[in-house]
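Listed below are the residues making up each chain.
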Amino acid sequence: MEQMLEHFFGWFGMPLVGLPAVFISAFVSATLLPVGSEPILFGYISLNPHLYWVAITIASIGNTLGGMFDWWLGAIGRNSFKPLKGSHSSRLKAWLERHGPKLLILSWLPGIGDPLCLAAGWLRLAWQPCLIYMFIGKLLRYLALTWLLTLVPNSFWHQLGRWLHLI
């Protein structure tokens, strides 16, 4: 895995320090594991403001690939489980089929996004549009969150670090 990431970042001429952590945390946070990638991304951007767009792009790619992993799990899960029965599942299925891949622009939402990606795979929605809409939603999320975090004064972060005994 390390060699693969080294090759990936080397091919694009990106630094090896920190960006793999941004990528991995973004990937894992898009799966069903309850992990947040924003602190790592914001920390990296705070230390390397000149790599803002590179870090945002890497986080968005990692998070999108994690969402596509969920899509893939939904697709293979469809063959392993019996279909859900009942009025709730039929309404949910109709809603997802009606809105299709466009709904995955909401895949960044906590608690909702991961199941949406799974459901898209379960319904075998075309992966290319799913990938595009996921990426757009996740990119907009990272842009908004990092921008909001930059509005917080540095004194707050230093005080928080002292309180947590990190500084």
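Residues numbered from 1 in each chain as written. Predicted model: local features only at pLDDT ≥ 70, side-chain atom pairs only at ≥ 80, totals over all residues. Heavy atoms only, no water.

## Observations concerning the overall build of the protein
- For the protein, the helix and strand inventory stands at eight helices and zero strands.
- Ordered by position from the N terminus, the helices and strands of the protein form the series α-α-α-α-α-α-α-α.
- Intrachain contacts of the protein at a sequence separation of at least 6 include 73% that bridge at least 24 residues.
- Total accessible area computed for the protein in this model is approximately 10500 Å², and 71% of it derives from carbon and sulfur atoms. (Helix = DSSP H or I, 4+ residues; strand = E, 2+ residues; numbered from the N terminus. Contact = heavy atoms within 4.5 Å. Areas by Shrake-Rupley, 256 points an atom, 1.4 Å probe, with all protein chains shown as cover.)

## Points about helix α2 (residues 19–30)
- If you check α2, its first and last C-alpha atoms are 17 Å apart, about what 12 residues at 1.5 Å a residue would give, namely 16 Å.
- Among the residues making up α2, those that are buried are Leu19, Pro20, Val22, Phe23, Ser25, Ala26, Ser29 and Ala30. (Expected span 1.5 Å × (residues − 1). Buried < 20%, exposed > 50% of the residue type's maximum accessible area, 1.4 Å probe, protein only.)

## Comments concerning the pattern of salt bridges
- All told, the structure shown has one salt bridge when counted by the stated rule.
- Ionic pairing is found between Arg141 and Glu38, a salt bridge with its closest N-O pair at 2.2 Å. Here Arg141 is found in helix α7 (residues 127–150), whereas its partner Glu38 is found in helix α3 (residues 38–47), with 103 residues between them in sequence.
- On the basis of relative accessibility, which here comes to 12%, the residue Arg141 falls in the buried class. (Salt bridge = Lys/Arg side-chain N within 4 Å of Asp/Glu carboxyl O.)

## Considering the packing of α3 against α7
- Two elements in contact, α3 and α7, have axes whose closest approach is 10 Å; the angle formed by their N-to-C orientations is 60°. Relative to α7, the element α3 lies oblique. Both α3 and α7 take part in a crossing whose hand is right-handed. For the pair α3 and α7, the contacting residues are Glu38, Leu41, Phe42 and Ile45 in the first and Arg141, Tyr142, Leu145, Thr146, Leu149 and Thr150 in the second. (Axes fitted to C-alpha atoms, helices over the stretch in contact; angles between N-to-C directions. Parallel < 35°, antiparallel > 145°, perpendicular 65-115°, else oblique. Left-handed = near helix turned anticlockwise from the far one by under 90°.)

## Quick look at the packing of aromatic side chains
- The final tally for this structure, using the stated rule, is three aromatic pairs.
- On the numbers, 6.1 Å between centres and 50° between planes, the contact of Phe27 with Phe69 is tilted. With Phe27 in helix α2 and Phe69 in helix α4 (residues 52–78), this residue pair connects regions lying 42 residues apart in the sequence.
- Residue class for Phe69 comes out partly exposed when judged on its relative accessible area of 34%.
- Between the aromatic rings of Tyr52 and Trp53, the centroid separation amounts to 5.2 Å while the plane-to-plane angle is 90°, which identifies the pairing as edge-to-face.
- An aromatic cluster of at least three residues, connected via ring pairs, comprises Phe27, Phe69 and Trp72.
- Directly above the aromatic system of Tyr142 lies the positively charged group of Arg141, at a separation of 4.5 Å from the ring centroid. (Phe/Tyr/Trp six-rings, centres within 6.5 Å; stacked < 30°, edge-to-face > 60°. Lys NZ or Arg CZ within 6 Å of the ring centre and 35° of its normal.)

## A closer look at the side chain of Thr64
- Mapping Thr64 onto the fold places it in helix α4.
- By relative accessible area, which is 2% here, Thr64 ends up buried.
- Contacts of Thr64, omitting those with residues within four sequence positions, involve Leu131, Met134, Phe135 and Lys138.

## Section: unusual backbone geometry
- The phi dihedral of Arg124 falls on the positive side, at around 55°, and the residue is not glycine.
- For Arg124, the position within the fold is in the loop between α6 (113–122) and α7.
- Given a relative accessible area of 47%, Arg124 falls into the partly exposed group.

Fair warning: the whole summary comes from geometry, so function is off the table for now.
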